[in-house]
Amino acid sequence: MTEAHTAVGQCPTEDALVAWHERGATRITAVGQHVVSCDACRRDVDMLEPPDDADPTGLGRYRLHGVISQGGFGVVCDAWDVVLQRSVAVKLTRTERSMSHLMAEAIDQARVSHPNVLSVLDAGTDGDATYVVMERVDGCDSETAALAPGFTAAQARGWMRDVARGLQALHERGLVHGDISPRNVLVGADGRARLIDFGSCRTHDSGRGVTPGFVAPEGAARPSVSGDVFALGRTLAWLLDRAGATPRDRGRSVVRRACRPSPQRRYETADAFARALQERSRAGGRARLVIGVLLVAVLASDIAPDLEADRARRVSERAEVLIREGEFSAVRPLADTLRAQAHASGRDDVMVLSLLLDADVATAEGREAEANALRQRAAVHSQGDVDAETRLQ
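To keep things clear, this report deals only with the structure shown in the data block. Keep in mind it's a predicted model, so treat the numbers as computed, not measured. (Residues numbered from 1 in each chain as written. Predicted model: local features only at pLDDT ≥ 70, side-chain atom pairs only at ≥ 80, totals over all residues. Heavy atoms only, no water.)

Here the focus is helix H8 (residues 250–258). Within an α-helix, residues lying three or four positions from one another point in the same direction, as the helix has 3.6 residues per turn. The buried fraction of H8 is high, at 7 of 9 residues. Near the N-terminus of H8, the side chain that reaches the backbone nitrogen of Gly251, with its oxygen 2.8 Å away, is that of Asp249. (Buried < 20%, exposed > 50% of the residue type's maximum accessible area, 1.4 Å probe, protein only. Helix = DSSP H or I, 4+ residues; strand = E, 2+ residues; numbered from the N terminus. Polar contact = N/O pair within 3.5 Å; in protein donor to acceptor, adjacent residues only side chain to side chain.)

Let us now look at the sheet that holds strand E6 (residues 139–141). Across the sheet, which stays open at both edges, the 3 strands sit in the order E6-E8-E9 with antiparallel pairing between neighbours. Edge strands, defined here as strands with exactly one partner in the open sheet, are E6 and strand E9 (193–195). Averaged over all adjacent pairs, the angle separating strand axes in this sheet is 25 degrees, with direction ignored. Two elements, E6 and strand E8 (residues 185–188), share 3 bridges in a ladder whose sense is antiparallel. When the sheet's bridge partners are listed, Cys140 is paired in E8 with Val187. (Pairing = 2+ DSSP bridges. Axes fitted to C-alpha atoms, helices over the stretch in contact; angles between N-to-C directions.)

Turning our attention to the pattern of salt bridges. Opposite charge on two side chains makes pairing possible when the charged atoms of those side chains draw close. Tallied over the full model, the rule gives 12 salt bridges. One salt bridge connects Asp78 with Arg136, and the closest N-O pair in it is separated by 3.1 Å. Here Asp78, found in strand E2 (residues 74–81), pairs with Arg136, found in the loop between strand E5 (129–135) and E6; they are 58 residues apart in sequence, far enough to count as distant. Here Glu218 and Arg266 are joined by a salt bridge, their closest N and O atoms 2.9 Å apart. Of this pair, Glu218 sits in the loop between strand E10 (202–203) and helix H7 (225–242) while Arg266 sits in the loop between H8 and helix H9 (270–299); the two residues are 48 residues apart in sequence, bridging distant segments of the chain. The exposure class assigned to Glu218 is partly exposed, which follows from its relative accessible area of 35%. Taken together, the salt bridges that share partners define one network made up of Glu135, Asp190, Arg192 and Arg194. (Salt bridge = Lys/Arg side-chain N within 4 Å of Asp/Glu carboxyl O.)

A few words now on the nonpolar core. One recurring pattern in soluble globular proteins: nonpolar side chains tend to sit buried together. Core analysis: the largest hydrophobic core is formed by 45 residues, its most contacted members being Met160, Leu232, Leu236, Leu239, Tyr267 and Phe273. Listing elements by their share of this core, those giving two or more residues are helix H6 (153–171), E8, E9, H7, H8 and H9. With residues near it in sequence (within four places) discarded, Leu232 still touches Met160, Val163, Ala164, Leu167, Ile180, Ala270 and Phe273. Of all hydrophobic cores here, the second largest spans 20 residues; its members include Met351, Val352, Ala359 and Val361. (Core = buried A, V, L, I, M, F, W, Y, C linked by side-chain atoms within 4.5 Å. Contact = heavy atoms within 4.5 Å.)

So, to be careful, I would describe these as geometric facts and stop short of saying anything about function.
See the structure below:
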């Protein structure tokens, strides 16, 4: 963070004060010279020091036990609610310029009730402190969690599916988060991911500072649902990289669409992003099962076994790769090839596979009614009931 040059008589920004404090508050700079002569800024800098552990007075009914994290003018403390006898997390500030912002953040966050959004329980003031009380979650942010040995791409996809669902709830309240990044995803000991830090959360026509590297090409000045979707994709990409995921990991195709330069070509909603991750997981497993069954049937066939086995194997292996990569549009021609093969050979098992591949494409494109009809036809063919197939058509 770069310190801002301060004109005479003009107070520096919060970011400039924080940067000066973090780099050594004794340094002689334009910001330092201003702090020396400005009582208000000097009080703000004094408040950057974390509160003492086991604060004997606490804040109202909350007893503080230690600092969990600190950033800018906000400090998050481990605390105990003496009335309800439970552990909570308390975010507080004692600087005048941050009080209104913290309360606005709490109001935004309290408007959303969702398992994948960190819950706000209370807020208030006590003396010179403004505080927000949140649920206490044993865990860490996803940036830290991704460093754990054995971290997998499946975990990354699961976390971001959780976060996207929470973000959808936020968008349905007319808000955008504006700063989705690995540090703003809290992963609990139970494996559930929660969206945190609503400091940049605002209505769709305003915004604040964001984490560099996770901002949509259109910039942070105009936060939007599409910008949040872009940040979901960038966060998923970052986590997949840390997990050592291959370019063919099925989450990569979700990233590519979410992070397209044009907002109109991204997922329209956070829920669509979540469903895309879910469908790739389901479709990949289902296709592998069906492909395995088909190959066993073909290899055991007495009808031109060499030709049938070779053709089915090549088409099936290619379809499996495309499904794993999430390239569903490329699966349709392969389904057509299998369908032509089924008509020519009269093989129901080949027809079953072609119909299931078509169903996966329909699901990926949001045509769920058509997908269900295709799966029903596949079930009929799996039983060899051609008359029932005719009735369905």
